[in-house]
Amino acid sequence: MTLHESEQTSTGSLMTRELDEPMNEGTQMTEETKAGAPSDELGWHAIDWRETHQNVSRLQARIVKATLAGKRGKVKALQWLLTHSFSAKAEAVRRVTENHGKRTAGVDGEKWNTPKKKAEAIHKLGRRREYKPRPLRRVYIPKKNGKMRPLGIPTMLDRAQQALYRTALDPIVETIQDPNSYGFRQGRGTADAIEECFIVLAKGSSAEWILEGDIKACFDEISHEWILAHTPMDTAILRKWLKAGYMEEQAFHATEEGTPQGGIISPVLANLALNELEGRLKKEYPTQTKKGQAASKVNVIRYADDFIITGRTKELLETEIRPKVVKFLKERGLRLSEEKTVTTHIENGFDFLGQNIRKYKGKLIITPSKKNYTAFMEKVRSTVADMGSAKQEQVIEKLNPIIRGWANYHRHVCSKQTFSKADNDIFHCLWQWAKRRHPQKSSRWRAQKYFMPPRGRKWTLNGYKKEADGTLRNIQLFHASSIAIKRHVKIRGEANPYDPAWEPYFEKRLHAQAKLNLGWRYDELLMWQRQNGRCPMCHEDLTEERGWENHHVIWRVFGGTDDTNNRVLLHPNCHRQVHNPDFQNVAGASDIAL
């Protein structure tokens, strides 16, 4: 009999048994024979990803249950089981080889870009004693204020190790997080934070004063001692990561504080460090007050290291709340930015996460901020300027993701006027681009060549793209004003993506949001709905982060058509697996009719 990974025996697993069905005392299982593990002959493409995902999710659910019950010993034992399981190791390697940074190497220059390297990497993970992380490769990326932000790039092995231990840490952090913390958390985003701002500020009786908080160099100054004392994971591994240092201009630099931006586990550690801020303030300033006592109207809304705190009066925020926040941060080695931390009245408005929040004659209106709009137009203009000699279809393909992404970000607030202004400004920018290309031609000629598509809205930049079969397809510039404004439904504060009790809730939200946010083509939306939003290979959700590809059930070389009945949406890794010769040896391969 083959046991699931969550049912395997170990020296530390005996105390966890009452969370699952009874186990056979005499059954033993090595990592090489666990469910989901491939033989040496088949390798990476023979892994049963559905089985590995189920094994990992099962153990994560048990970690949540033990955390809620306050059983720290069981939590620790379950974490050990998870980080030493084949399934978690395979999922960790898949995560770092499918994300956007998969082509970026660390100081060793190594990339896991072949199935053989990925399969070999699985067996390198989890070796606690021999493991020694390499220094991070330091690079700099520009910030909004013109300064440069340091970014640390770990090696592929260190990224996978962090992904492995994050798998066991994240369920705990999600279970204990403040309800109105929205940054770097599954199923949460900036739209939830902005909607919470509307909820707590829109009423006539709502708070009128806001403390805009900004933590100075949050990732760079978090105390190592605090992290090691309060992070529920293997402290030996954590200490190695924190003390790994970084390489800059071929010189090694030690790290005595902070967690590097760029590491997979860094956002979880930052959220853990800033957790309990809302809980502490809510305890001292409860929403419900005794009869005759004035309400403090204190609410905390945090996204990563940016936060706002509402209050009844300016004095309350500056003389009581702010000192408590300073004390809270000092315990963690952090401090407020004096320049960016200010107290504002709601009628003067404030910027938060790219939106401007302000009351006009008692009515709260949220619009894209001027800084955000200026940055967006600068990006558009610089993109057009860099493509002076490019064809119009190339300009369209470059601009459309920029415009669509910006418009989708602001689609939940009062953005219609801003969208129309953006369309107008972009048109004038492109008109000047056309004039520079053809200074001797008339305006009528330029309009006919570039801005008069055969169908749809006139005065729209358009061109023709050659398809694989040789036909030409007309493509047009995306208009921000074509995005419909739809109010966002905020996630419930106590929702936990690792708790099975919340599974139906998250499935419902995923399906509702995917139809709005992922920019589906009509045929892909039909397939996504038919597949219930899941990849038929691994049965995991099809998300924008992991991406998807079209697979022809009957291959075109064998006479298959492009009809939606002959296509399914698969994750990129699952698509490669289907086309691998070893696919038929994978358990569950028959789920797709090939």
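### Re the overall build of the protein
And then number 1: From N to C terminus, the protein includes 19 helices and 15 strands.
And then number 2: Buried positions account for 52% of the 594 residues belonging to the protein.
And then number 3: Across the protein, the fraction of contacts at a sequence separation of at least 24, relative to all contacts at a separation of at least 6, is 67%.
And then number 4: In the form shown here, the protein has an accessible surface area of approximately 30,000 Å², with 51% of it arising from carbon and sulfur atoms.

### Digging into the pattern of salt bridges
And then number 1: On inspection of all chains with the given rule, the structure shows 21 salt bridges.
And then number 2: Of the charged contacts in the structure, one is a salt bridge between E338 and R322, with a shortest N-O distance of 2.9 Å. Residue E338 is located in the loop between helix 12 (314–330) and strand 8 (342–345), and its partner R322 is located in helix 12; the two are separated by 16 residues in the primary sequence.
And then number 3: By relative accessible area, which is 55% here, E338 ends up exposed.

### So, the confidence of the model for the protein
Interpreting fine coordinate detail is not advised for predicted regions of low pLDDT.
And then number 1: On average, residues of the protein score 86 in pLDDT, and 87% of them are at 70 or above.
And then number 2: Ignoring residues within four places in sequence, the model shows residues 1–36, a span with pLDDT below 50, making 69 contacts including any to other chains.
And then number 3: Confidence drops under a pLDDT of 50 for residues 585–591, and excluding neighbours within four residues, the segment shows 13 contacts in the predicted structure.

### Describing the packing of helix 11 (residues 277–284) against helix 12
And then number 1: Orientation of helix 11 relative to helix 12, taken along the N-to-C sense of each, is 140°, at an axis distance of 11 Å. The hand of the helix 11/helix 12 crossing is right-handed. Judged by residue contacts, L277, R280, L281 and E284 of helix 11 engage I321, K324, V325 and F328 from helix 12.
And then number 2: Split into classes, the residues belonging to the contact of helix 11 with helix 12 amount to 5 nonpolar, no polar and 3 charged.

### Some points on the nonpolar core
And then number 1: Membership of the largest hydrophobic core comes to 81 residues, with the highest contact counts inside it found for I309, I321 and V325.
And then number 2: Excluding anything up to four places from it in sequence, I309 contacts W209, I210, L211, L281, V298, N299, V300, L317, I321 and V325.
And then number 3: Grouped together as the second largest cluster of nonpolar side chains are 31 residues, M387, I396, Y450 and A480 included.

### Focus on the sheet that holds strand 10 (residues 355–360)
And then number 1: Read from one edge of the open sheet, 3 strands run 9-10-11, paired in antiparallel fashion. Of all strands in the sheet, those bounded by a partner on one side alone are strand 9 (350–352) and strand 11 (363–368). Recorded for the sheet is a direction-independent mean angle of 30° between the axes of neighbouring strands.
And then number 2: Examined bridge by bridge, strand 10 and strand 11 share 6 bridges and lie antiparallel to one another. Residue pairing in the sheet places I357 in a bridge with I366 of strand 11.

### Side note on helix 6 (residues 190–201)
And then number 1: In a regular helix each residue adds 1.5 Å, so 12 residues correspond to 16 Å; helix 6 covers 17 Å between its end C-alpha atoms and thus fits that length.
And then number 2: Most of helix 6 is tucked away, with 9 of its 12 residues classed as buried.

### Some points on the side chain of N180
And then number 1: Within the fold, N180 resides in the loop between helix 5 (156–176) and helix 6.
And then number 2: Polar side-chain contacts of N180 include one of 2.6 Å to the side chain of Y182.
And then number 3: The contact partners of N180, leaving out residues within four places of it in the chain, are E196, E278, V300, I301, R302 and K490.

Thresholds, definitions, all that
- Residues numbered from 1 in each chain as written.
- Predicted model: local features only at pLDDT ≥ 70, side-chain atom pairs only at ≥ 80, totals over all residues.
- Heavy atoms only, no water.
- Helix = DSSP H or I, 4+ residues; strand = E, 2+ residues; numbered from the N terminus.
- Buried < 20%, exposed > 50% of the residue type's maximum accessible area, 1.4 Å probe, protein only.
- Contact = heavy atoms within 4.5 Å.
- Areas by Shrake-Rupley, 256 points an atom, 1.4 Å probe, with all protein chains shown as cover.
- Salt bridge = Lys/Arg side-chain N within 4 Å of Asp/Glu carboxyl O.
- pLDDT = per-residue confidence, 0-100.
- Axes fitted to C-alpha atoms, helices over the stretch in contact; angles between N-to-C directions.
- Left-handed = near helix turned anticlockwise from the far one by under 90°.
- Nonpolar A, V, L, I, M, F, W, Y, C, P; charged D, E, K, R; others polar.
- Core = buried A, V, L, I, M, F, W, Y, C linked by side-chain atoms within 4.5 Å.
- Pairing = 2+ DSSP bridges.
- Expected span 1.5 Å × (residues − 1).
- Polar contact = N/O pair within 3.5 Å; in protein donor to acceptor, adjacent residues only side chain to side chain.

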